[in-house]
Amino acid sequence: MGEESRLAAVVALAQGMAAAHSSREAWRAAAGGARRALGGSFAALSVWERELGRLRVLVNVGELAEGEEEFPEDESYPVHQFAEITEFLHERWAGGGEPDAWVETAQGPKEGRAGYCHQRVAALRRRGRGCCVVAPIVLHGRAWGELYVARPVGEPVFGGADADFATVLAAVVAAGIAQTERLEEARRLAFTDSLTGLANRRAVDARLDEAVELHRRDGAVVSLVVCDVNGLKRVNDTLGHSVGDRLLERFGSVLSLCGAMLPGALAARLGGDEFCLLAVGPSADEVVKAADEVCRRAVELDIGDGVACGVASTEDPIGPVRSARRLFRLADAAQYRAKAERAAHPVVAGREGPDDPVVRLADEPSREADGERRRFRGRHAPG
């Protein structure tokens, strides 16, 4: 491969990783780009998990051997089986050497080659591969893992120039992984409540829009629980805001625990003393049961005065739900009624007959101006 071709391969690899929207996509782009650049039939990206003393495979691409999977659940290898991980990646590199790539062949070592490893040779033979090039990946100044590219028996064996090129590719992969980690951290912060660690209002808005669209298209059951922590102002005024924050944190843990009763449910803090659970799929009765557990556990907290919970589900007789805003209005109105009545259990929209007071309150045209209830603070267009 000429210099121009190699430069084009490096650019393609970097662009592929930059276009990834998740770590998995970035891993696949890294391994796939390196495989193409080095003319391999197979490539893998692995991470060195120091705390577990193992090398864990993140992704396999190309011609997979029997038992290999693209994203393996737990394909890992103890570090002690691969001497070069500790000797080459750690001792030699930490001692001032460079994290250079090396080549292994199914025929065994060449005289004096530092990277030779019996386990890799055995794995090459077992999987019908003739050779491989292994390139350490260094991230934030530490050995992070490795890039592995193989060719089948009968193909030309990787040479020194291939190893040098693999070292360059590993550096590009490291830069791409660092960028992906930064983007994922930014996304996490953008959709996470900093106090409780739950999802925030932005995350709920996005997920609820998708859920209602799924309901309209496929009839999926979408349910929303809106909770208001009672007594927060009293706690803040008498015990201080740090104690109030502790109350919110502890209730967030309660909500998360109870939300686990509903597979895939999103637990979130909307802001202030308001929280919610969003569930797609579970029945309305299952959601009400989880909300009732939230109420029960909230009363057991040693600070605060429990919680007011309102539930709205597309499975209940609440009329058509064509927008996220309407479902939020219904759950919000149910929660308002629960708070006004000091209810110990959730109030559920649509369960009091044709003239359900919660549905009537939620759908009242002038409800935004009605002095008897709070103004709905959603961002959604009228539904």
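No experiment lies behind these values; they were computed from the predicted model shown.

Scoring rules and cut-offs
- Residues numbered from 1 in each chain as written.
- Predicted model: local features only at pLDDT ≥ 70, side-chain atom pairs only at ≥ 80, totals over all residues.
- Heavy atoms only, no water.
- pLDDT = per-residue confidence, 0-100.
- Contact = heavy atoms within 4.5 Å.
- Pairing = 2+ DSSP bridges.
- Helix = DSSP H or I, 4+ residues; strand = E, 2+ residues; numbered from the N terminus.
- Axes fitted to C-alpha atoms, helices over the stretch in contact; angles between N-to-C directions.
- Core = buried A, V, L, I, M, F, W, Y, C linked by side-chain atoms within 4.5 Å.
- Buried < 20%, exposed > 50% of the residue type's maximum accessible area, 1.4 Å probe, protein only.
- Parallel < 35°, antiparallel > 145°, perpendicular 65-115°, else oblique.
- Left-handed = near helix turned anticlockwise from the far one by under 90°.
- Nonpolar A, V, L, I, M, F, W, Y, C, P; charged D, E, K, R; others polar.

Caption draft 1: Looking closely at the confidence of the model for the chain. With 87% of its residues at a pLDDT of 70 or more, the chain has an overall mean of 87. In the predicted structure, residues 366–383 sits below a pLDDT of 50 and forms 40 contacts with residues beyond four places in sequence or in another chain.

Caption draft 2: Molecular detail of the sheet that holds strand 4 (residues 102–105). Ordered by their spatial adjacency, six strands build an open sheet running 3-2-1-6-5-4, and the pairing between neighbours is antiparallel. Looking at which strands have only one partner, the edges of the open sheet turn out to be strand 3 (76–78) and strand 4. Across the sheet, the mean angle from the axis of one strand to that of its neighbour is 25°, orientation sign disregarded. With four bridges connecting them, strand 4 and strand 5 (residues 129–139) associate as antiparallel partners. Residue Thr105 lies in a different strand from strand 5, and its bridge partner there is Cys131. Strands strand 2 (54–62), strand 4, strand 5 and strand 6 (142–152) of the sheet are contacted by helix 4 (residues 118–126), whose axis makes an angle of about 130° with strand 5. Here helix 5 (residues 160–190) sits on the sheet and contacts strand 1 (42–49), strand 4, strand 5 and strand 6; the angle it forms with strand 5, its principal contact strand, is near 45°.

Caption draft 3: Here's a closer look at the nonpolar core. Grouped together as the largest cluster of nonpolar side chains are 41 residues, with contacts concentrated most on Leu45, Val133, Leu169 and Val173. Those elements giving two or more residues to this core turn out to be helix 1 (3–18), helix 2 (23–38), strand 1, strand 2, strand 5, strand 6 and helix 5. In terms of residue count, helix 5 provides more of this core than any other element does, ten residues in total. Excluding residues within four positions of it along the chain, Val133 makes contact with Leu38, Ala101, Trp102, Val103, Leu147, Tyr148, Val149, Phe158, Asp162, Ala163 and Ala166. Grouped together as the second largest cluster of nonpolar side chains are 32 residues, Val204, Ala211, Cys276 and Ala334 included.

Caption draft 4: Region of interest: the packing of helix 1 against helix 5. Following both chains from N to C, one finds helix 1 and helix 5 inclined at 20°, their axes separated by 9 Å at the closest point. The angle between helix 1 and helix 5 places the two elements in the roughly parallel class. In terms of crossing hand, the pair formed by helix 1 and helix 5 is right-handed. Where helix 1 approaches helix 5, its residues Arg6, Ala9, Val10, Leu13, Ala14 and Met17 are matched on the opposing element by Ala161, Asp162, Phe165, Val168, Leu169, Val172, Val173, Gly176, Ile177 and Thr180. For the contact of helix 1 with helix 5, the per-class residue count stands at twelve nonpolar, two polar and two charged.

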